[in-house]
Amino acid sequence: QVLTVACGNVHTLAVTKDGALWIFGTECGLGHNRCDGNHRLLPRRIEAQYFGNASIVSAAAGTLHSAVVTDKGDLYTWGEKAPGLGHTNREVKLVPTRITPQLLQGSRVGRCHDLP
């Protein structure tokens, strides 16, 4: 059972009642460890191991990037919009990557807000 859906320009994330994350679409925001531009028309589950085996409680999709919050309160981001992903480097992240909690102090996360 799907609880919430987030739509980016070319990809969609769905969070299910059991805390799983399903993604489909195209480009690097999918979290499948590839950036080949191929379309993934059917939803594919992103394994819980990428989120420290935690359940997903919230998801957001940007133009070419994605973000989720787990039931442990951790924030993970991935995709092509490297400057707005919130990591200490500007590399493209092909899989969900946890944001270091110290980096979140004083930052705003939400619709239309990137991380510093």
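Worth saying up front: this structure is predicted, and the values here are computed from it rather than measured.

Visitor: Teacher, can you tell me more about the sheet that holds strand E4 (residues 40–46) here?
Guide: Within a sheet, adjacent strands bond to each other through the backbone by hydrogen bonds, running parallel or antiparallel. Taken together, 4 strands build an open sheet; the order of strands is E1-E2-E3-E4 and the sheet is antiparallel. Two strands in the sheet have a free side with no partner beyond their single neighbour: strand E1 (2–7) and E4. Between one strand axis and the next, the sheet turns through 20° on average, direction left out of account. Here 5 bridges tie strand E2 (residues 11–16) to strand E3 (residues 21–25), and the two strands are oriented antiparallel to one another.

Visitor: How do you make sense of the sheet that holds strand E5 (residues 56–61) when you look at a structure like this?
Guide: If you trace the 4 strands from one edge of the open sheet to the other, you get E5-E6-E7-E8, paired in antiparallel fashion. Edge positions in the sheet fall to E5 and strand E8 (93–98), since each of these pairs with one other strand and no more. The mean inter-strand angle of the sheet, taken between neighbouring strand axes irrespective of direction, is 15°. As paired strands, strand E6 (residues 65–70) and strand E7 (residues 75–79) are joined by 5 bridges and run antiparallel to one another. Directly across from His-65, in E7, lies its bridge partner Gly-79.

Conventions adopted
- Residues numbered from 1 in each chain as written.
- Predicted model: local features only at pLDDT ≥ 70, side-chain atom pairs only at ≥ 80, totals over all residues.
- Heavy atoms only, no water.
- Pairing = 2+ DSSP bridges.
- Helix = DSSP H or I, 4+ residues; strand = E, 2+ residues; numbered from the N terminus.
- Axes fitted to C-alpha atoms, helices over the stretch in contact; angles between N-to-C directions.

Purely geometric numbers; function is a separate question.
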